[in-house]
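Architecture and fold: a report
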Amino acid sequence: MANQIVLLATIIAMTCSLVIAFEPSPLQDFCIADTTSSVIRVNGLPCLDSKLAQAEHFSFGGLHIPGNTSNPLGITVTPVNVAQIPGLNTLGISLARIDYAPGGVTPPHTHPRATEILTVVKGKLYVGFVTSNPENKLISKIIKKGDVFVFPVGLVHFQKNLGSGTAISQSSLSSQNPGVITIANSVFGPNPSISDDVLAKAFQVDKSIISTLQAQF
Ligand code: MN
């Protein structure tokens, strides 16, 4: 009997933790982000008076416009999240367009709060993600226009344009504010820097190699 109670309590605890790990379901039709409010602090953004809702709170223009890919990575991300559409607040969804120059790379990164589902709109991409420790298995594929690929929440993933021309992808993400952690920037480019003692030990290389990598940021 005691074992059954412990088991039941464990199942309830696990169920609760799964529920609160994701954005809560809205308790009203919508909650347009009130970006002028600087006093109230909530998990998300406070709601505008619903009587003030307008179509502009739920729309965004310009996703057809190509991003400028003249940069070292050869890509540009055009995000469409709660920062661009205040009506997305509390709704657990957002979008992004990515433009790629030939050879352009979205470097290994994670979204701490979202699964991403990517559709190739133009061109051919090499895409992949790596499973968590200890397997660290690379799941990768070459995908072309019309193909779709999923990057599970929190896992490190990347894209590269394999075509000779420009490429375009559009992603949907399961958060109003997915967040981005680019691995190289987080490890080699934070301010202030992570100690080179730590990085040299972590990567099992000489400190001069760490300095070279840090200098890229
Ligand atoms: Mn991503």
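From a predicted model like this one, the values you see are computed outputs, not experimental measurements.

We now examine the overall build of the protein chain. Tallying secondary structure elements over the protein chain gives 4 helices and 10 strands in all. Starting at the N terminus and walking to the C terminus, you meet the elements of the protein chain as α-β-β-β-β-β-β-β-β-β-β-α-α-α. Considering only C-alpha atoms, the protein chain reaches an extent of 55 × 50 × 40 Å along its principal axes. Contacts spanning at least 24 positions in sequence make up 69% of the contacts within the protein chain whose residues lie at least 6 apart. Where the 13 positive side-chain charges of the protein chain centre and where its 12 negative ones centre are 10 Å apart.

All right, on to the sheet that holds strand S1 (residues 75-80) then. An order of S1-S2-S9-S4-S7 is seen for the 5 strands of this open sheet, with the pairing classed as antiparallel. In this open sheet, the two edge strands, each paired with only one partner strand, are S1 and strand S7 (148-151). Recorded for the sheet is a direction-independent mean angle of 20 degrees between the axes of neighbouring strands.

Attention shifts here to the packing of aromatic side chains. For any two aromatic rings, the description comes down to two numbers: the centre-to-centre distance and the angle of the planes. Enumeration over the complete set of coordinates arrives at 5 aromatic pairs. With 6.2 Å between their ring centres and 50 degrees between their planes, Phe-129 and Phe-149 make a pair best called tilted. Taken together, the positions of Phe-129 in strand S5 (residues 124-130) and Phe-149 in strand S7 put the pair 20 residues apart, joining distant regions of the chain. What makes Phe-129 buried here is its relative accessible area of 10%.

Simply put, disulfide is the name for a covalent bond between the sulfur atoms of two cysteines. For the structure shown, the criterion picks out 1 disulfide. Across the disulfide from Cys-31 sits Cys-47; the S-S distance is 2.0 Å. Because the sign of the S-S torsion sets the handedness, a value of about -100 degrees for the bond joining Cys-31 and Cys-47 places this disulfide among the left-handed ones. Here Cys-31 is found in the loop between helix H1 (2-20) and S1, whereas its partner Cys-47 is found in the loop between H1 and S1, with 16 residues between them in sequence.

Attention now goes to the environment of Ile-93. Following the sequence through the fold, Ile-93 ends up in the loop between S1 and strand S2 (94-100). Sequence spacing of Ile-93 and Ile-32 is 61 residues, and the spatial spacing of their C-alpha atoms is 14 Å. Setting aside anything within four residues of it in sequence, one finds Ile-93 in contact with Leu-88, Leu-173, Ser-174, Ser-175 and Gln-176.

Along the chain, Asn-133 connects to Pro-134 via a cis peptide bond; the corresponding omega equals 0 degrees. Among the structural elements, Pro-134 can be located in the loop between S5 and strand S6 (138-144). The backbone of Asn-136 shows a phi angle near 45 degrees, a positive value even though the residue is not glycine. Tracing the backbone shows Asn-136 in the loop between S5 and S6. Even without being glycine, Gln-204 reaches a positive phi, approximately 55 degrees. Structurally, Gln-204 can be placed in the loop between helix H3 (196-203) and helix H4 (207-214). Residue class for Gln-204 comes out exposed when judged on its relative accessible area of 65%.

Attention now goes to the coordination of the manganese ion. Protein coordination at the manganese ion: the donors are His-109 (NE2), His-111 (NE2), Glu-116 (OE) and His-157 (NE2), at 2.1 to 2.2 Å from the metal. Assessed through its relative accessible area of 7%, His-111 is described here as buried.

This next bit is on the domain arrangement of the protein chain. Under the domain assignment used here, the protein chain contains domain 1 (1-179) and domain 2 (180-217). Between the C-alpha centres of domain 1 and domain 2 there is a distance of 26 Å. Across the contact, 9 residues belong to domain 1 and 4 residues belong to domain 2. Summing both sides of the interface, domain 1 and domain 2 together bury roughly 470 Å²; the carbon and sulfur share of this comes to 70%. Scanning the region where domain 1 abuts domain 2 turns up 0 salt bridges. Taken together, the links from domain 1 to domain 2 amount to 2 residue pairs in polar contact (both at pLDDT 80 or more). No other element matches strand S3 (residues 105-110), which puts 4 residues into the side of domain 1 that touches domain 2. Class assignment of the residues belonging to the side of domain 1 that touches domain 2 gives a composition of 5 nonpolar, 4 polar and no charged.

The rules we used
- Numbers given for residues are sequential positions, taken from 1 along each chain in its written order.
- The predicted origin of the model limits local features to residues at a pLDDT of at least 70 and limits the giving and counting of side-chain atom pairs to 80 or more, whereas totals for whole chains, interfaces and linings rest on all residues.
- Think of the side-chain values as coming from all heavy atoms in the structure, minus any hydrogens and water.
- Strands are runs of DSSP state E lasting at least 2 residues, helices are runs of H or I lasting at least 4, and numbering of each runs from the N terminus.
- When checking whether two residues touch, look at their non-hydrogen atoms; a contact exists if any pair is within 4.5 Å.
- His is not counted, nor are the chain ends, whereas Lys and Arg count as positive and Asp and Glu as negative.
- Where a charge lies is defined by one atom per residue type, namely NZ (Lys), CZ (Arg), CG (Asp) and CD (Glu).
- Each pair of strands is called paired provided DSSP finds at least two bridges between the two strands.
- Angular values range over 0 to 180 degrees, each being the angle between N-to-C directions of two axes fitted as lines to C-alpha atoms, with helices fitted over their stretch in contact.
- Paired rings are identified among Phe, Tyr and Trp, the last through its six-membered ring, by centres lying within 6.5 Å, and are further divided according to the angle between planes into stacked (under 30 degrees), edge-to-face (over 60) and tilted (the rest).
- To sort residues, take the accessible area from a 1.4 Å probe on protein chains only and compare it with the maximum for the residue type: under 20% means buried, over 50% means exposed, and anything in between is partly exposed.
- The criterion for a disulfide is a pair of cysteine sulfur atoms lying within 2.5 Å.
- Coordination shells were defined by N, O and S atoms within 2.8 Å of each metal, extended to 3.2 Å for Na, K and Ca; water is absent from the atom set, which can make sites look incomplete.
- The split into domains, and so the bounds of each, comes from an automatic or database assignment of domains.
- Each of two parts loses accessible area, computed with a 1.4 Å probe, when they are put together; buried area is these two losses added.
- Salt bridges are defined as contacts in which a side-chain nitrogen from Lys or Arg sits within 4 Å of a carboxyl oxygen from Asp or Glu.
- Pairs of N or O atoms within 3.5 Å make up the polar contacts considered here, provided that, within protein, one atom can donate a hydrogen while the other can accept it, and that residues adjacent in sequence are counted only when both atoms are side-chain atoms.
- Residue classes follow a fixed rule: Ala, Val, Leu, Ile, Met, Phe, Trp, Tyr, Cys and Pro count as nonpolar, while Asp, Glu, Lys and Arg count as charged, and any other residue, Gly among them, counts as polar.

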